[in-house]
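Each chain, written out:
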Amino acid sequence: MYDQPNARDLLHAVWKHLEENVMPALTHDRTLYFQTLIAANLVGVVERELQYGAIHLKAQWNRLNAMQDVDLPQPGEWEEATEALKIRNRELCYDIRAGRYDDQFFKEVLYEHLLASTMEQLQVANPAHLQRLAQEDAY
């Protein structure tokens, strides 16, 4: 569709430049160093959102379908699909408050869904923390 480099490649290049060239030059200005560190982290988050967003959206959509015993098709357009997922998650919250997941079996299904969703969010927002959690679980 687009020529190379793609958006992920461009973001990765910006992130590497900030991390390898800009940040070392800012050690004398702690405030600017910290602000640049935040900017580099944000670029990394956006890069990972582009990498995993569609995969995670589909996985969450499919888990909700299984939990709710429905076969709703996922909208094809990204904005429409993310908005539909927000609505479905809002409905899930209402169902939880209404006690629809109080049964032990449904609690376990809900727990697995929420755990998977949290892991997916950490994979994007803070993969280093996710890796530390996995190492802790290994012990």
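Quick summary incoming for the structure in this document. Small disclaimer: the values here were computed from a predicted structure and weren't measured.

## Side note on the environment of Asp 71
For Asp 71, the position within the fold is in the loop between α2 (30-68) and α3 (78-97). In this structure Asp 71 comes out as exposed when scored by relative accessible area, which is 72%. As for Asp 71 and Ile 96, which are separated by 25 residues in sequence, their C-alpha atoms are 20 Å apart.

## Remarks on the side chain of Thr 36
Turning to its location among the elements, Thr 36 is positioned in helix α2. Beyond its immediate sequence surroundings of up to four residues, Thr 36 is in contact with Leu 18, Val 22, Met 23 and Leu 26.

## Description of α2
In α2, a bend of some 55° at Tyr 52 exceeds every other bend along the element. Immediately beyond the C-terminal end of α2, within one or two residues, lies Asp 69, with a positive phi of roughly 50°.

## Considering the side chain of Gln 60
Within the secondary structure layout, Gln 60 lies in helix α2. Among the polar contacts listed, one links the side chain of Gln 60 to the side chain of Ser 117, at a separation of 3.5 Å.

## Quick word on the nonpolar core
The biggest cluster of nonpolar side chains holds 10 residues, and these are Leu 57, Trp 61, Leu 64, Met 67, Ala 81, Ala 84, Leu 85, Leu 92, Tyr 101 and Leu 110. Of all the secondary-structure elements, those providing two or more residues to this core are α2 and α3. Among all residues touching Ala 81, those that are not within four sequence positions of it are Leu 57, Trp 61, Gln 74 and Pro 75.

## Considerations on unusual backbone geometry
One non-glycine residue, Asp 69, lies in the positive phi region at around 50°. Relative to the elements of secondary structure, Asp 69 occurs in the loop between α2 and α3.

## Notes on a nonpolar patch on the surface
Nonpolar side chains collect at one region of the surface, where Phe 34, Ile 38 and Leu 42 lie side by side and expose about 300 Å² of accessible area between them. By secondary structure assignment, the location of Phe 34 is in helix α2.

## As for the environment of Leu 72
By the secondary structure assignment, Leu 72 is in the loop between α2 and α3. If we skip the residues at most four places from it in the chain, Leu 72 touches Trp 61, Asn 65 and Arg 88.

## A short note on the pattern of salt bridges
Pairs may arise between side chains of opposite charge once their charged atoms sit close together. Scanning all chains against the criterion turns up three salt bridges. The salt bridge partner of Lys 16 is Glu 20, with a shortest N-O separation of 3.0 Å. Of this pair, Lys 16 and Glu 20 both sit in helix α1 (residues 7-25), four residues apart, which is roughly one turn of that helix. For Lys 16, a relative accessible area of 28% corresponds to the partly exposed category. Between Arg 100 and Asp 95 there is a salt bridge, with the nearest N and O atoms lying 2.6 Å from each other. Owing to a relative accessible area of 18%, Asp 95 belongs among the buried residues under this scheme.

The rules behind these values
- Residues numbered from 1 in each chain as written.
- Predicted model: local features only at pLDDT ≥ 70, side-chain atom pairs only at ≥ 80, totals over all residues.
- Heavy atoms only, no water.
- Helix = DSSP H or I, 4+ residues; strand = E, 2+ residues; numbered from the N terminus.
- Buried < 20%, exposed > 50% of the residue type's maximum accessible area, 1.4 Å probe, protein only.
- Contact = heavy atoms within 4.5 Å.
- Bend = angle between axes of the 7 residues up to and from the residue.
- Polar contact = N/O pair within 3.5 Å; in protein donor to acceptor, adjacent residues only side chain to side chain.
- Core = buried A, V, L, I, M, F, W, Y, C linked by side-chain atoms within 4.5 Å.
- Patch = residues over 30% accessible without salt bridge, like charges linked within 9 Å, V, L, I, M, F, W, Y side chains within 5 Å.
- Areas by Shrake-Rupley, 256 points an atom, 1.4 Å probe, with all protein chains shown as cover.
- Salt bridge = Lys/Arg side-chain N within 4 Å of Asp/Glu carboxyl O.

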